[in-house]
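# Report on the structure
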Amino acid sequence: RLEDIVYEPAVNEYDLPAPDGATVEEILWARSSGNVLSTCSAEAIFTAGETVEGTPQAVALKSLSNTCLVWPTPEGGSGTLGLYVVLAPSRTANEVPDQLADRWHDAIIAGARAELMSTIGMPWSNPQEAERQTMIFWDFVAEARREATSGRHAELRIAPHRFL
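Residues numbered from 1 in each chain as written. Predicted model: local features only at pLDDT ≥ 70, side-chain atom pairs only at ≥ 80, totals over all residues. Heavy atoms only, no water.

### Some words on the nonpolar core
Filter applied, for reference: In this text, buried Ala, Val, Leu, Ile, Met, Phe, Trp, Tyr and Cys residues form a nonpolar core when linked through side-chain atoms within 4.5 Å. Note on exposure labels: buried denotes an accessible area under 20% of the residue type's maximum, exposed denotes more than 50%, and partly exposed covers the range between, all computed with a 1.4 Å probe on protein chains only. Every helix listed is a DSSP run of H or I at least four residues long, and every strand listed is a run of E at least two residues long, numbered separately from the N terminus. Should any heavy atoms of two residues lie within 4.5 Å, those residues are considered in contact.
Judged by nonpolar contacts, the single largest core of 17 residues is most densely connected at Leu16, Val24, Ile27, Val59, Cys68, Leu81 and Leu83. Those elements that provide at least two residues to this core are strand 3 (22–32), strand 6 (58–62), strand 7 (67–71) and strand 9 (80–89). The contact partners of Leu16, leaving out residues within four places of it in the chain, are Leu2, Ile5, Val24, Leu61, Asn66, Thr67, Cys68 and Leu83.

### Here we look at unusual backbone geometry
Backbone torsion omega between Trp71 and Pro72 reads -15 degrees, so that peptide bond is classified as cis. On the secondary structure map, Pro72 appears in the loop between strand 7 and strand 8 (73–74).

### Things to note about the pairing of strand 7
The line we're drawing: When DSSP locates at least two bridges between a pair of strands, those strands are taken to pair.
Burial analysis of strand 7 places four of its five residues in the buried class, the great majority of the element. In this structure, strand 2 (residues 13–15) lies alongside strand 7, joined through three bridges in antiparallel fashion. Following the sheet pairing, Glu13 is matched in strand 7 by Leu69. Direction of pairing for strand 6 relative to strand 7: antiparallel, over a ladder of five bridges. Across the sheet, the residue bridging to Leu61 is Cys68, located in strand 7.

Written out as structure tokens, the structure is:
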């Protein structure tokens, strides 16, 4: 969850307060003054008309930047926008948070092994193993995407049904 954003009158684009070294990949859900907002594409907001003012009903992530668009543009007065988002390390990140490194340790190792073993002409080069490690890495990527979109962690336990 990101820090709440305070609305400014007649402004519909806001910088997202993502942690250093992270980018926002997706907005899972948003809340404005107690109301849940719809998430949509930036194109949908542009089509609906950015200049319309009213109570915010939708929010969109603006591609390739840590900014979001709110529609309609908040009217004068105050309000806040709370966002639950999917974060990913940025390409310029020098460090990865411990919780991500711990959770995705095996994925990071598989990706690094795939890169190293696909280096042609080196003593550690092994194209077959590189292919296997690449497949393992992409399996982890798929798992991360499932977790991000569902909001559920792979280690979630479900209570079994009782038999009467």
